[in-house]
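Fold and contact review
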Amino acid sequence: MSVRATARLRAELDGRGSTALPVLESAGPLALRRTRSLLPEHARVTVVGAMSAPLNGDRLAIEAEVADGARLTVDAAAATVALPGPSTGTGPSTYAIHLNVGERATLHWLPEQLVSAHGSDLHQTTRVELAPTARLLLREEQILGRHGEPTGALTTRLTVRRAGHPLLDQQLAYGPGAPGGWDGPAVLGGHRAVGQLLLADPSFEDAPLPARLLGPTAALTPLAGPAVLVTAVAADARLLREILDGALHELLDGLKADTGNG
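In this report, we go over the structure that sits alongside the text. As the structure is a prediction and not an experimental result, all values here were calculated from the model. (Residues numbered from 1 in each chain as written. Predicted model: local features only at pLDDT ≥ 70, side-chain atom pairs only at ≥ 80, totals over all residues. Heavy atoms only, no water.)

**Considering the pattern of salt bridges**
If you walk through the whole model with that rule in mind, you get 17 salt bridges. The closest approach of N and O atoms between arginine 161 and glutamate 129, which form a salt bridge, is 3.3 Å. One end of the pair, arginine 161, is in strand 13 (residues 153-162); the other, glutamate 129, is in strand 11 (residues 121-130), and 32 residues separate them in sequence. (Salt bridge = Lys/Arg side-chain N within 4 Å of Asp/Glu carboxyl O. Helix = DSSP H or I, 4+ residues; strand = E, 2+ residues; numbered from the N terminus.)

Given below as C-alpha cells:
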C-alpha cells in the first residue's frame, strides 16, 4: 500500500529576537524534530525518517514557511533512499518540497543525500518562493545507485522565484527513461554523485560574482538576480560534499568581507 504524507513547519519571530516554531507537524515517514542550533537566532529542525521511504507509488511532501525576519535551518538525520517497493505497477514515487521565505528572513535548507536505488522511480520537485529581501542557502545532492548497483530512475526539478519572478528553473533526469546522454561525457562523465548549491542574498545585487570553474568537476554560475549556483559532479558522496562545502565556505567568507561582518 502506498503512503501519502505531508509534513508542515512554520518559523516566526517570537518577540524576543529569536525564532519560534508554532507549527511542527510530522506525517508518515517524515518526522520533524526541533534540534539544537549552532547559529545565533536560528531555529533548527531535523527531518528524521520514521520508516523506509519513498517506495515506488508513495506521495510525500514537506511544506515550510519562514515568516518575515525569522531564521531557520532544516537538515536531516540521514540520507533519503528511494526504493522500488514490494510490488510492481505502482508507478513512480513523488517527493514535493514547498518553501516560502519572507522579508528579511533566512532559510538554510540542507538535507542529506538522495540515493536512487536500483529499481526505484522517483520524481522530486522543490519549489521556493523568496521575498525580495529573503536569504536562501539550499543544497541538493543525488547519489545514483547504492554501492555496486546501477541507479534507479530519478527526475528532479528545482524552481526558485524571487519577488514573483523566476530566479532558477532546472530539471535533471537520470537512469532508465532519461534522455540519451545523461551518463555521457557532456553530463556526468562516469561520475555517480551530482549536486548543486544555491545561495541567494541581496548582497549579490551590489557585488555580483563572475562565472568560474571551481576545480575540474565544479562550476559557479551567477544567476539573473542576487544569487549564485554551484554545480558539481564527483565519484562518490564524500567527494561531492567536500566540493560543495569548500564552495560554500568560500562564498560565505566573501559575503562577510563585502558586508563588513567578518
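**Comments concerning the environment of glutamate 112**
As for its placement among the helices and strands, glutamate 112 is situated in the loop between strand 9 (106-110) and strand 10 (114-116). Residue classification places glutamate 112 among the partly exposed positions, given a relative accessible area of 25%. Separated by 27 residues in sequence, glutamate 112 and arginine 139 have C-alpha atoms that sit 8.6 Å apart. Contacts of glutamate 112, omitting those with residues within four sequence positions, involve Ala76, Ala78, Ala79, Arg139, Glu141 and Arg241. Looking at glutamate 112, its side chain comes within polar contact range of the side chain of arginine 241, at 3.2 Å. (Buried < 20%, exposed > 50% of the residue type's maximum accessible area, 1.4 Å probe, protein only. Contact = heavy atoms within 4.5 Å. Polar contact = N/O pair within 3.5 Å; in protein donor to acceptor, adjacent residues only side chain to side chain.)

**Structural notes on the sheet that holds strand 1 (residues 4-13)**
If you trace the seven strands from one edge of the open sheet to the other, you get 2-1-5-8-11-13-14, paired in mixed fashion. The sheet is open, and its two edges are formed by strand 2 (19-25) and strand 14 (165-174), each paired on a single side. On average, each strand axis in the sheet is tilted by 10° relative to the strand beside it, whichever way the strands run. Where strand 5 (residues 59-66) meets strand 8 (residues 93-101), eight bridges bridge the pair, whose relative direction is parallel. Bridge pairing in strand 8 links valine 66 to valine 101. (Pairing = 2+ DSSP bridges. Axes fitted to C-alpha atoms, helices over the stretch in contact; angles between N-to-C directions.)

**Focus: the environment of leucine 114**
Within the secondary structure layout, leucine 114 lies in strand 10. Since its relative accessible area comes to 6%, leucine 114 is described here as buried. Separated by 27 residues in sequence, leucine 114 and glutamate 141 have C-alpha atoms that sit 6.1 Å apart. If we skip the residues at most four places from it in the chain, leucine 114 touches Thr80, Leu122, Gln124, Glu141, Gln142, Ile143 and Leu154.

**Thoughts on the side chain of aspartate 58**
Inspection of the secondary structure puts aspartate 58 in the loop between strand 4 (43-49) and strand 5. Separated by 2.9 Å, the side chain of aspartate 58 and the backbone nitrogen of valine 3 make a polar contact. Of the polar contacts made by the side chain of aspartate 58, one reaches the backbone nitrogen of leucine 55; its length is 2.8 Å. Filtering out sequence-adjacent residues up to four positions away, aspartate 58 remains in contact with Ser2, Val3, Ala53, Pro92, Ser93 and Thr94.

**Observations concerning the pairing of strand 14**
Direction of pairing for strand 13 relative to strand 14: antiparallel, over a ladder of nine bridges. Note that in strand 14 the partner of leucine 154 across the bridge is tyrosine 174. Between strand 13 and strand 14, which follow one another and run antiparallel, lie two residues, and alanine 163 among them has a positive phi close to 55°.

**A word on the packing of aromatic side chains**
By the definition in use, this model includes one aromatic pair. Residues tyrosine 174 and tryptophan 182 carry aromatic rings whose centres are separated by 6.3 Å and whose planes lie at 75° to one another, so their mutual orientation is edge-to-face. For the residue pair tyrosine 174 and tryptophan 182, the accessibility class agrees, reading buried in each case. (Phe/Tyr/Trp six-rings, centres within 6.5 Å; stacked < 30°, edge-to-face > 60°.)

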